[in-house]
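Observations on chain architecture
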Amino acid sequence: MRSPRARLRLRPPSHRLLLSLLVPLAIGASEPLAAPPDDDPLTGRQIYDRVLANRFDSFEQSARLVSGDRAGNEQESRMRVMWQSFRDEAGEPVRGVLSKSMIRYTHPFDLRFSGYLIINNHERPDDQFVYLASRRRVSRVNLRGEPVLGSDFSFEDVVPREIEEATYQRLPDESFDGRSCHVVDVVPDPATDSEYSRFRVWVERERFVVLRSVYWDRAGVELKELRAPVAAVRDFGGIYVAMHTDMKHLQLGSYSRLTIDELQPNPTIPRKTFDPARLEAH
């Protein structure tokens, strides 16, 4: 029998709870930091820029999300995700838009066809919309900090980030899962209205894939940890993607695994696909 907390996590969410590589207060005390090696002059921003460069112009994917709690209760959801960059050939946003994401649930049955549209804007708040099949209407929402179907992933974790949205500080390199990694502290810009005060990423030096991330909440409390095993990283013609990632909530002891079952790189997606009115189309 499920615990009371499990029932709360598994109930059908409202428009704010229905809902990931991807922050204001004290960053917290830390030990003195050693300088990066002299033979590796990359700054924190340059490292993270290479992380963001390791992605497609667009993609479409099918994904599964399995979440569990300390009592061993688990739930599964499935979704279809489409993402497209809206930068021009010079890398500049088109009409102030950096990228757009469409997320539509295919499972469980009561959430089938429900979906979200996130328009990532440059130097202004993002536009975010939800369509609930049970209500048959599109609504504008604020998704900051909202979990993806009660999981430990928030939309901020699964929607691709943009380099302009944060500041970056390089820390000493470390090893993770047997690989040498750059380590970078990322502090989101206040304009992004991030749920995190900061997060730290371990970036594999060879392929610039994020293998580990630790997140601090807006009060400076260490909140979550994400891990992507090296064995899960797949090569798509020089673009490297972690096909599954594990997120652990450090305060609640809950966990979630996001698995990409199918990935189509650089499909041609008609721009009208990301029209809010299209959320209602099944």
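Our structure's up above, just so we're on the same page.
Residues numbered from 1 in each chain as written. Predicted model: local features only at pLDDT ≥ 70, side-chain atom pairs only at ≥ 80, totals over all residues. Heavy atoms only, no water.

Scanning the chain from N- to C-terminus turns up 3 helices and 15 strands. A burial count over the chain gives 51% of its 282 residues as buried. Surface exposure of the chain reaches about 14,100 Å², of which carbon and sulfur atoms provide 49%. (Helix = DSSP H or I, 4+ residues; strand = E, 2+ residues; numbered from the N terminus. Buried < 20%, exposed > 50% of the residue type's maximum accessible area, 1.4 Å probe, protein only. Areas by Shrake-Rupley, 256 points an atom, 1.4 Å probe, with all protein chains shown as cover.)

Quick look at the nonpolar core now. In this structure, Met79, Tyr105, Phe155, Val186, Val201 and Val241 are the most contacted members of the largest nonpolar core, which totals 46 residues. If we ignore the near neighbours within four places in the chain, the residues touching Val241 are Phe56, Ala232, Val233, Arg234, Phe236, Ile260 and Leu263. Residues Cys181, Val183, Val214 and Val233 belong to the second largest nonpolar core, which totals 13 residues. (Core = buried A, V, L, I, M, F, W, Y, C linked by side-chain atoms within 4.5 Å. Contact = heavy atoms within 4.5 Å.)

Okay, the pattern of salt bridges next. Following the criterion strictly, the structure yields 15 salt bridges and no others. A salt bridge links Arg212 to Glu225; the shortest N-O distance between them is 2.7 Å. Of this pair, Arg212 sits in strand β10 (residues 210–217) while Glu225 sits in strand β11 (residues 222–227), placing them 13 residues apart in sequence. For Glu225, a relative accessible area of 12% puts it in the buried group. One connected set of salt bridges, linked through shared partners, spans Glu60, Arg80 and Glu262. (Salt bridge = Lys/Arg side-chain N within 4 Å of Asp/Glu carboxyl O.)

Turning our attention to the packing of aromatic side chains. A full pass over the atoms with the stated rule returns 7 aromatic pairs. The interplanar angle of 90° and the centroid separation of 6.1 Å between the aromatic rings of Phe56 and Phe236 together place this pair among those described as edge-to-face. Remark: Phe236 occurs in strand β12 (residues 233–236) and Phe56 occurs in the loop between α2 (44–53) and β1 (58–68); sequence separation between them is 180 residues. Seen in terms of ring centroids, Tyr105 and Tyr116 are 6.5 Å apart; in terms of plane orientation they differ by 85°. Their pairing is edge-to-face. With Tyr105 in strand β3 (residues 97–107) and Tyr116 in strand β4 (residues 115–121), this pair connects stretches of sequence that are 11 residues apart. We note Arg212 situated over the ring of Trp202; from NZ or CZ to the ring centre the distance is 4.2 Å. (Phe/Tyr/Trp six-rings, centres within 6.5 Å; stacked < 30°, edge-to-face > 60°. Lys NZ or Arg CZ within 6 Å of the ring centre and 35° of its normal.)

So, about the pairing of strand β7 (residues 166–176). One ladder, built from 9 bridges, connects β7 with strand β8 (residues 179–188); its direction is antiparallel. Along β8, the bridge assignment pairs Tyr168 with Val186. Taking the residues that link successive antiparallel strands as the turn, the β7-β8 hairpin has 2 residues, and the phi of Asp177 there is positive, at about 50°. (Pairing = 2+ DSSP bridges.)

Tracing the chain through its elements places Arg198 in strand β9 (residues 196–204). Accessibility expressed as a relative area gives 5% for Arg198, which makes it buried. Separated by 2.9 Å, the side chains of Arg198 and Asp185 make a polar contact. (Polar contact = N/O pair within 3.5 Å; in protein donor to acceptor, adjacent residues only side chain to side chain.)

The next subject is α2. For an α-helix, 3.6 residues make a turn, and residues three or four places apart therefore share a direction. All buried positions along α2 are accounted for by Gly44, Ile47, Tyr48, Val51 and Leu52. Angular distribution of buried residues about the axis of α2 spans 140°; they occupy a single face of the element. For α2, the secondary structure elements touched by its buried residues are β7, β8, β9 and β10. (Arc of directions from axis to C-beta.)

Take unusual backbone geometry next. Here the bond from His107 into Pro108 is cis, since omega is 5°, no more than 30 degrees from zero. As for its placement among the helices and strands, Pro108 is situated in the loop between β3 and β4. For Glu123, which is not glycine, the phi torsion reads 60° and is therefore positive. Position of Glu123 among the secondary structure elements: in the loop between β4 and β5 (127–132). Judged by relative accessible area, which is 72%, Glu123 ranks as exposed. Look at Asn266: it is not a glycine, yet its phi comes out positive at around 50°. Its place among the elements puts Asn266 in the segment after β15 (255–265).

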